[in-house]
Amino acid sequence: MILNRFGERPVVLFLTLYFIIVGFSWGQSLQDIQNIKVDELSDAQIEQLIRRAENSGMNITQMEAMARERGMPATEVNKLRQRIQSLRSGSVNGQPSAAGKRQVLRNAPGMEYDSNIFDSLQRRNPFYDLSPKQKQIFGFTLFHNRELDFSPNLNLPTPPQYVLGAGDQLLIDIYGASQQSYDLTISPEGSVFVPNVGPINVGGSTVEAARIRVQNALEKIYQDLASPSPNTFLQLRVGDIRSIQVTMAGELRKPGSYTLPSFASVFNALFVAGGPNENGTFREIQVYRGSKLVGEVDVYDYLISGDQAGNIILQDNDLVIVPPLRNRVELVGPVRRPGFFEIKGQESIDDLIQFAGGFTSEAYQSMITVKRTTDTQMMVDNIYEEDFGTFGIKDGDTFLIGEILNRYENRVQISGAVFRPGEFALIDGMTVKDLVGKAEGLRGDAFRNRATLYRTREDFTLEVLSVNIGAIMEGTAPDIPLGREDILNVPSIFDLKEEYYVKISGEVNRTGVYPYGENMTLGDLIIKARGLKESATNSYIEIARRVKGDSTGKIGDIITLSINSDLTLNEEEERQVLAPFDHVFIRKSPGFQKEIIVQIEGEVHYPGEFALEKRDERISDVLKRAGGLNQFAYAKGATLIRRTEYYDKEDEESQKLDNLESLLKNLDRDSSVENAEAEKELLERIENRVTLLQEEKTKKGSGYQNQENFAEDRYTLLDGADSSVMEIAFREEELIGIELEKIIQQPGSKYDLILQEGDVISIPKELQTVRMRGEVLYPTTARYEELRGFRNYISRAGGFTEEARKGRSYVIYANGDVRRTNKFLFLNFFPNIEPGAEIIVPKKPQRQPLSVQAWIGMASSLATLAILVDRLSQ
């Protein structure tokens with residue numbers, strides 16, 4: 001902290017000198033970068049090094065290369081790179097410090113802490129300018145934490161044992177029968193001057209002793225103060241306290257003389273002096289008063305137990321000395337606070353572990369390894385738990401604490417078809433049957449003929465033992481003793497076979513895949529499928545059944561049967577129960593016809609949707625039902641819009657996934673009834689299998705594309721085709737040109753098309769315009785005039801462009817028909833124009849000019865041909 005006891009100019013001079021020295025020192029550091037020890041640098045120093053390199057025109061990579069060229073070890077270069085990367089990820093501290101938030105209600109000269117406004121390196125990390133080693137020294141961060149404030153609380157009542165001195169302000173209040181107030185300051189001679197009384201010597205006295213002296217002196221004026229039953233009272237308070245001068249010496253970060261409030265303690269003085277440096281002690285901080293040692297402060301007492309008994313209140317001209325440390329050791333491993341610790345006297349390893357906050361749960365507590373130096377070399381020693389309290393600690397020792405082994409000493413496991421799979425403690429003499437008993441027995445679906453016991457041998461190889469679990473549980477086979485880390489897996493019968501289901505399609509309310517059950521009949525499945533539709537027939541139902549072991553080429557068995565319309569059980573159904581994987585087809589009744597809807601829009605008397613009466617109903621029939629054309633209709637512009645369909649076949653894996661997902665959806669019962677236990681188990685199994693199939697589907701990617709990718713895949717199959725043409729080819733609807741005038745005149749003729757589901761007949765109003773598009777100078781829309789031809793309309797659009805391919809021009813009529821330009825020799829015969837027509841002029845294709853090689857080849861061919869003709873003519 002910078003003291004605010006200098007004038008403005010000395011402060012400016014000091015800061016200027018500081019930056020000059022720092023800049024010079026870091027300039028030297030960049031030149032001597034090979035000598036840098038990265039672990040000894042703080043984050044602030046690393047950033048200064050980066051800035052110095054950037055100011056020299058080097059980036060980080062170039063700075064690392066220069067360090068290697070100058071001889072910096074590779075390990076130090078790696079550490080420097082890691083520190084730079086860590087520093088780059090830091091954030092700027094935008095929060096005010098604790099000192100900046102402090103409100104000082106009393107005047108305490110010397111305690112106006114500098115907010116470090118000129119330090120551009122402040123970060124959110126309060127220990128930003130500490131090196132990694134400094135952060136590991138226990139207690140080092142205590143006096144460097146910007147979020148921690150050791151300034152004395154000046155707003156508490158003055159303690160009675162406080163010793164008054166020159167500069168303290170005394171506030172004396174007389175109240176009761178008499179009223180009077182005095183504001184007095186203790187003079188350098190130690191006295192206060194009271195009007196009409198004279199000087200009173202209070203210097204060196206405690207607050208309580210000073211109160212008695214002042215009261216004795218004021219009794220001359222206020223005699224009632226000395227009365228046994230007084231009506232006048234006196235109160236003495238300390239206002240602004242004085243400042244004291246304290247010298248901080250020794251191994252401190254910022255030694256010097258500091259002006260502190262008289263309430264200040266040793267901790268307050270250490271805080272403003274930055275605390276001990278790396279070589280300073282935290283255990284034996286000495287306080288001298290009048291050349292005599294008055295006490296020692298052990299910061300560890302405060303850090304470990306919060307004891308401040310040794311935190312001496314300082315007095316004027318006190319001297320605080322921080323001697324060099326004597327014994328510092330390092331503790332590494334699973335403890336709460338690993339790092340460097342200072343040991344004094346006869347303290348033991350038990351004390352060291354206490355300083356470190358104790359062992360963590362992963363620590364191996366029975367032995368500690370110590371590394372220490374001798375006069376000539378290093379040595380290693382092992383310290384066992386019984387010697388923790390007696391082992392002699394030496395300066396520089398490094399204590400290494402190991403971790404417990406990542407293994408279980410008494411664990412066995414069981415998985416599969418048991419009621420409570422998991423981990424269990426191995427007991428002496430425990431067997432397979434005991435383990436199954438602890439897992440609360442085998443489930444009903446357990447495969448009892450064989451289980452698998454996985455055993456880990458002493459050499460960590462795996463041994464697999466086959467176990468007849470059913471015979472062991474019945475006592476007909478010898479039981480097997482278990483060993484540490486044995487794993488017993490009891491398979492389920494469902495794990496060993498394909499999941500059984502049946503499928504129903506056709507005229508039922510809910511088609512799909514359903515769980516199979518023994519003795520399941522066709523009626524049961526139909527009930528699962530929510531019953532038959534009105535369109536279904538009950539007299540002709542097919543069942544497709546898988547064929548097993550047939551080498552004749554037969555694919556499946558087709559079974560035909562009927563059921564009662566009210567779904568009561570008949571003899572035929574009772575004899576024919578369903579088998580796993582049966583596929584039931586419910587056919588549509590021959591006499592049932594679903595309505596087919598078509599639509600007429602535009603200029604008819606009754607536009608809208610119409611249901612067809614017959615399969616072969618035509619345009620003229622529906623037009624008649626719509627009331628015919630009205631007076632505004634343009635029959636030549638009528639069009640028929642018809643749907644198109646494409647079917648994309650799924651692969652086997654996708655079909656299996658769809659079947660299982662359908663089965664999963666149909667497993668849920670009514671919301672008022674909970675699923676049976678068997679169904680819950682089945683539900684869990686199906687969910688697991690669906691998850692696996694979905695993962696496989698994601699991995700494969702292809703074969704599960706959406707509708708948008710479907711069109712793109714088709715385009716890639718048509719190599720070289722225009723994608724815009726393909727979009728037209730594969731769209732969901734298409735326009736069919738019709739000649740409505742001929743349909744009306746000749747009902748039932750070849751022009752009168754038979755309608756299909758979803759057809760839309762569009763009859764527009766009378767059209768009066770013609771559009772020109774493509775390679776014309778000004779694409780536009782012009783008014784239709786009966787006597788104007790193709791070229792006239794092209795002229796109205798400015799004429800053809802230079803890129804126009806006139807001979808390929810065509811016209812799209814309002815009803816969807818298209819006519820192209822015909823060509824005879826060098827003459828173009830353009831199509832006629834009708835209202836609502838659209839003229840399209842395409843662009844000439846791009847032609848590549850012949851290369852020099854092509855011209856040479858052509859000339860060679862002509863020359864050869866000329867020579868051949870000449871020889872044949874001789």
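For clarity, every value in this text was computed on a predicted model and none was experimentally measured.

Participant: What is the right way to read unusual backbone geometry from this model?
Facilitator: In terms of backbone geometry, most residues other than glycine have negative phi values and most peptide bonds are trans. Positive phi is not limited to glycine here, since Glu440 has a value of about 65°. Structurally, the position occupied by Glu440 is in the loop between α11 (432–438) and β18 (451–456).

Participant: Honestly, the environment of Thr456 in this entry has me stumped. Any pointers?
Facilitator: Structurally, Thr456 is set in strand β18. Sequence separation between Thr456 and Arg484 is 28 residues; the distance between their C-alpha atoms is 7.9 Å.

Participant: Help me understand the side chain of Glu603 in this model?
Facilitator: Relative to the helices and strands, Glu603 is located in the loop between β26 (597–602) and β27 (608–611). The charged side chain of Glu603 is buried without a salt bridge, its nearest counter-charge being Lys765 at 4.8 Å. Within the structure, the side chain of Glu603 is placed 3.1 Å from the side chain of Asn630, a separation counted as a polar contact.

Participant: Which parts of the structure should I look at to understand the layout of surface pockets?
Facilitator: Vacant regions in the atomic arrangement are exposed by a probe of water-molecule size rolled over the atoms. Its boundaries defined by the atoms lining it, the second largest pocket holds a volume of some 580 Å³. Considering every element that reaches the lining of the second largest pocket, the biggest residue donor is helix α17 (residues 677–700), with six residues. In the lining of the second largest pocket, the residues fall into nine nonpolar, two polar and eleven charged.

Participant: Is there a simple way to think about the sheet that holds strand β20 (residues 487–490) in this case?
Facilitator: Across a sheet, paired strands are connected by hydrogen bonds in the backbone, their directions being either parallel or antiparallel. On the basis of which strands lie adjacent, the open sheet formed by five strands has the order β17-β16-β20-β18-β19 and mixed pairing. Where the open sheet ends on each side, the last strands, each with one partner, are β17 (422–425) and β19 (462–467). Put simply, the sheet's adjacent strands are angled 20° from each other on average, direction ignored. Bridge count between strand β16 (residues 411–416) and β20: four bridges; the pairing is parallel. Bridged to Gln413 within β20 is Ile487.

Participant: Hey, could you run me through the packing of aromatic side chains in this one?
Facilitator: Here a ring pair, both rings aromatic, is described through the centre-centre distance and the interplanar angle of the planes. A full pass over the atoms with the stated rule returns eleven aromatic pairs. Ring geometry for Tyr501 versus Phe581: centroids 5.3 Å apart, planes at 90°, classification edge-to-face. Placement of the pair is Tyr501 in strand β21 (residues 501–506) and Phe581 in the loop between α14 (571–575) and β25 (583–588), with a sequence separation of 80 residues. Accessibility assignment for this pair places Tyr501 and Phe581 in one class, buried. It is Lys133 that lies over the ring of Phe340; its NZ or CZ is 5.7 Å from the centre. Lys497 extends its terminal NZ or CZ atom over the ring of Tyr500, reaching a point 4.4 Å from the ring centre.

Participant: Any chance you could explain the pairing of strand β12 (residues 339–342) here in plain terms?
Facilitator: The side chains of a regular strand alternate between the sheet's two faces. By the bridge criterion, four bridges tie strand β11 (residues 328–332) to β12 in an arrangement that is antiparallel. Bridge pairing links Glu330 to Phe340 in β12. Joining the antiparallel neighbours β11 and β12 is a turn of six residues, in which Gly333 adopts a positive phi near 125°.

Participant: Mind showing me how you'd approach a positive patch on the surface here?
Facilitator: Taken together, Arg791, Arg805, Lys806, Arg808, Arg820, Lys844 and Arg847 make up a surface patch of like positive charges. In this fold, Arg791 is placed in helix α21 (residues 790–796).

Participant: For this particular structure, what's the right way to read the nonpolar core?
Facilitator: The nonpolar side chains of soluble globular proteins are, as a tendency, buried together. If you look at the biggest cluster of nonpolar residues, it comprises 52 residues, and the most contacted ones within it are Met248, Leu260, Val266, Leu270, Leu314, Ile349 and Phe399. Residues within four places of Val266 in sequence aside, it is in contact with Ile285, Val287, Val297, Asn311, Ile312, Leu314 and Val320. Core analysis: the second largest hydrophobic core is formed by 24 residues, Tyr182, Ile186, Val194 and Tyr222 among them.

Participant: Before we go on, may I ask you to explain the confidence of the model for the protein in this structure?
Facilitator: Detailed conclusions should not be drawn from predicted coordinates in areas where pLDDT is low. Chain-level pLDDT for the protein is 80 on average; 83% of the residues reach the 70-or-more range. A low-confidence stretch, residues 1–28 stays under pLDDT 50, and its non-local contacts, those more than four residues away or across chains, total 25 contacts. Low confidence marks residues 702–726, where pLDDT is under 50. Its contacts with residues over four positions away, or in another chain, come to 18 contacts.

Participant: In this structure, what is going on with helix α3 (residues 60–69)? I would like to understand it.
Facilitator: Since the α-helix turns once every 3.6 residues, residues separated by three or four places project in the same direction. Inspection of α3 places Met63, Glu64, Met66 and Ala67 among the buried residues, and these make up the whole buried set. Take α3 and look down its axis: the buried residues cluster within an arc of 160°, on one side only. The outward face of α3, more than 90 degrees from its buried face, is lined by the exposed residues Thr61 and Glu69. Downstream of α3 by one or two residues, Gly71 has phi in the positive range, about 105°.

Participant: Even after reading the chapter, I still don't get the environment of Gly512, so can you show me in this structure?
Facilitator: With respect to the helices, strands and loops of the structure, Gly512 is situated in strand β22 (residues 512–515). Between the C-alpha atom of Gly512 and that of Lys665, which follows or precedes it by 153 residues, the distance is 9.5 Å. Beyond its immediate chain neighbours, meaning those up to four positions away, Gly512 contacts Val502, Lys503, Ile504 and Ser662.

Participant: For this particular structure, what's the right way to read the pairing of strand β5 (residues 232–238)?
Facilitator: What you see with β5 is a clean split: Thr232, Leu234, Leu236 and Val238 sit on the buried side and Phe233, Gln235 and Arg237 on the side with no burial. Strand direction decides the pairing type here: strand β1 (residues 169–176) and β5, joined by seven bridges, are antiparallel. In the sheet register, Leu170 faces β5, and the bridge partner there is Val238.

Participant: Explain a nonpolar patch on the surface here, please?
Facilitator: Taken together, the side chains of Leu850, Trp855, Met858, Leu862, Leu865, Leu868, Val869 and Leu872 make up a nonpolar region of the molecular surface, amounting to roughly 840 Å² of accessible area. Relative to the elements of secondary structure, Leu862 occurs in helix α22 (residues 852–873).

Participant: Is there a simple way to think about the pattern of salt bridges in this case?
Facilitator: Pairing between side chains of opposite charge can happen when their charged atoms approach one another. Enumeration over the complete set of coordinates arrives at 23 salt bridges. We note a salt bridge from Arg372 to Asp397, for which the minimum N-O separation is 2.5 Å. In this pair, Arg372 is assigned in strand β13 (residues 363–373) and Asp397 in the loop between β14 (378–384) and β15 (398–403), connecting sequence segments 25 residues apart. The burial state of Arg372 is the same as that of Asp397; both residues are buried. Notably, a salt bridge pairs Glu739 with Lys742, separated by 3.0 Å at the nearest N-O pair. Under the relative-accessibility criterion, Lys742 is labelled partly exposed at 32%. Connected via shared salt-bridge partners are Arg283, Asp298, Lys344 and Glu347.

The rules behind each value
Residues numbered from 1 in each chain as written. Predicted model: local features only at pLDDT ≥ 70, side-chain atom pairs only at ≥ 80, totals over all residues. Heavy atoms only, no water. Helix = DSSP H or I, 4+ residues; strand = E, 2+ residues; numbered from the N terminus. Buried < 20%, exposed > 50% of the residue type's maximum accessible area, 1.4 Å probe, protein only. Lys, Arg positive; Asp, Glu negative; His and termini not counted. Salt bridge = Lys/Arg side-chain N within 4 Å of Asp/Glu carboxyl O. Polar contact = N/O pair within 3.5 Å; in protein donor to acceptor, adjacent residues only side chain to side chain. 1 Å grid on protein atoms, 1.4 Å probe; cavity = no way out; pocket = protein on both sides within 12 Å on 5 of 7 lines; lining within 4 Å. Points joined across faces, edges and corners; volume = space filled by probe spheres on them. Nonpolar A, V, L, I, M, F, W, Y, C, P; charged D, E, K, R; others polar. Pairing = 2+ DSSP bridges. Axes fitted to C-alpha atoms, helices over the stretch in contact; angles between N-to-C directions. Phe/Tyr/Trp six-rings, centres within 6.5 Å; stacked < 30°, edge-to-face > 60°. Lys NZ or Arg CZ within 6 Å of the ring centre and 35° of its normal. Patch = residues over 30% accessible without salt bridge, like charges linked within 9 Å, V, L, I, M, F, W, Y side chains within 5 Å. Areas by Shrake-Rupley, 256 points an atom, 1.4 Å probe, with all protein chains shown as cover. Charge placed at Lys NZ, Arg CZ, Asp CG, Glu CD. Core = buried A, V, L, I, M, F, W, Y, C linked by side-chain atoms within 4.5 Å. Contact = heavy atoms within 4.5 Å. pLDDT = per-residue confidence, 0-100. Arc of directions from axis to C-beta.

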